[in-house]
Amino acid sequence: MNAGKRTPVATHALTKDYGAHRGIFDLDLAVNEGEVFGFLGPNGAGKTTTIRLLMGMIHPTRGGATVFGLDSERDAVAVKRQVGYVPGETPQFGGWRGSMIVAYVAGLRGGVSDAVVASLAKRLDLDLGRRYREYSHGNKQKLLLVLAFMHRPTLLILDEPTGGLDPLHQQVFYELIREARAGGTTVFLSSHVLSEVEHVCDRVGIVREGTLVTVGTLAELVGVRARRVEVEFAGTPPLARLAAVPGLEQLDVRGQRVRGLLRGDIAPLLSAIASERILDLESREPSLEEIFLSYYAGPAKRE
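Residues numbered from 1 in each chain as written. Predicted model: local features only at pLDDT ≥ 70, side-chain atom pairs only at ≥ 80, totals over all residues. Heavy atoms only, no water.

Visitor: Even after reading the chapter, I still don't get the overall build of the protein, so can you show me in this structure?
Guide: Helix and strand counts for the protein stand at 11 helices and 14 strands. If one aligns the C-alpha atoms of the protein with their principal axes, the spans along those axes are about 75 × 40 × 35 Å. The buried share among the 303 residues of the protein stands at 46%. Counting contacts in the protein only where the partners sit at least 6 residues apart, residues at least 24 apart contribute 68% of the total. Of the accessible surface of the protein, which amounts to about 14500 Å², a share of 51% is contributed by carbon and sulfur atoms. (Helix = DSSP H or I, 4+ residues; strand = E, 2+ residues; numbered from the N terminus. Buried < 20%, exposed > 50% of the residue type's maximum accessible area, 1.4 Å probe, protein only. Contact = heavy atoms within 4.5 Å. Areas by Shrake-Rupley, 256 points an atom, 1.4 Å probe, with all protein chains shown as cover.)

Shown next, in the form of structure tokens:
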């Protein structure tokens, strides 16, 4: 069977338990072919552990993962042939020049076009003639992007790929992602930068303390049916009635002004305040930042 027809990334009960609630736990995830999937969470949430498991660099405690139908642990070498990878930690290449590193990795991979390498280096303003140890952190990150994209892989697995890049070259990175997706490449992108996810991702999974909290499209996470509401009352707010409104969360009372996050229909809220004199009423979609923080408001649940 053609591996390219299989799910690019799939995990089943994938677990790496380091003890003391560190690691990733019972991750069930499927990334669709041709999509850009954002794996979102703060540092220490389990993103890098997940990516190392996908790349076959560490062994799971239980469960497993596949990349285009290949077992990430058993078929780790074959997996690496399919993937363009940016690690979360910058590797060390010592005194090698950028061009030597590219030539070495291209020789291992095969099928790398010099024209593609030159184009990537030009777009990223990367001087491949300089020694690696002379590169700034940002230039080291640019080289890793060249190495990941240069063979036009069917899958990109990128761990915090824009660290060290200035805003101009972050925009170049977003362009590269869009172009790769247009060419049929699937992208698995870990990040803690919400604006990055909003720029390029089709779907997002939020991971917290090693547990996948939710998966959805950006529209679903930002909340087609969720909104920030703020009501200013002429008198004392009817707190008991507001607290009973289905889906009204995170109530914040400041004098006669009440703020909250409403999930679902707005009609029960309007009914709850219908008998009150209202000075001001505001309703807006929450930002991804607010949605993200709402998932981190309480303790993570783990069976």
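Picking up after the structure, the text goes on.
Visitor: Explain the sheet that holds strand β4 (residues 62–67) to me, please; I cannot follow it from the model alone.
Guide: If you trace the 4 strands from one edge of the open sheet to the other, you get β2-β1-β4-β5, paired in antiparallel fashion. The open sheet has two free edges, formed respectively by β2 (22–31) and β5 (70–71), since each of these has just one partner strand. Pairing between β4 and β5: 2 bridges, direction antiparallel. Looking at β5, one finds that V67 is bridged to L70. Contacts from helix α1 (residues 47–54) reach β1 (9–19), β2 and β4, with the element oriented near 120 degrees to β1. (Pairing = 2+ DSSP bridges. Axes fitted to C-alpha atoms, helices over the stretch in contact; angles between N-to-C directions.)

Visitor: Can you help me understand the sheet that holds strand β10 (residues 211–217) in this one?
Guide: In a beta sheet, neighbouring strands pair by backbone hydrogen bonds and run either parallel or antiparallel. If you trace the 6 strands from one edge of the open sheet to the other, you get β6-β7-β8-β3-β9-β10, paired in mixed fashion. Edge positions in the sheet fall to β6 (83–86) and β10, since each of these pairs with one other strand and no more. Neighbour-to-neighbour, the strand axes of this sheet turn through a mean angle of 15 degrees, independent of strand direction. Sheet topology places β6 next to strand β7 (residues 155–159); 4 bridges connect them, and they run parallel. Across the sheet, V83 pairs through a bridge with L155, a residue of β7. Helix α6 (residues 167–182) contacts β3 (36–40), β7 and β8 (186–191) of the sheet and is inclined by roughly 155 degrees relative to β7.

Visitor: Even after reading the chapter, I still don't get the packing of helix α3 (residues 98–109) against helix α5 (residues 137–149), so can you show me in this structure?
Guide: Between two packed helices, the angle of one axis relative to the other and the distance separating the axes together describe the packing. Relative to each other, α3 and α5 sit at 25 degrees, their axes nearing to 10 Å. With respect to each other, α3 and α5 are oriented roughly parallel. The chirality of how α3 crosses α5 is right-handed. Two secondary-structure elements touch here, α3 through G98, I101, V102 and V105 and α5 through L143, V146 and L147. By residue class, the composition of the contact of α3 with α5 is 6 nonpolar, 1 polar and no charged. (Parallel < 35°, antiparallel > 145°, perpendicular 65-115°, else oblique. Left-handed = near helix turned anticlockwise from the far one by under 90°. Nonpolar A, V, L, I, M, F, W, Y, C, P; charged D, E, K, R; others polar.)

Nothing here speaks to function; it is geometry throughout.
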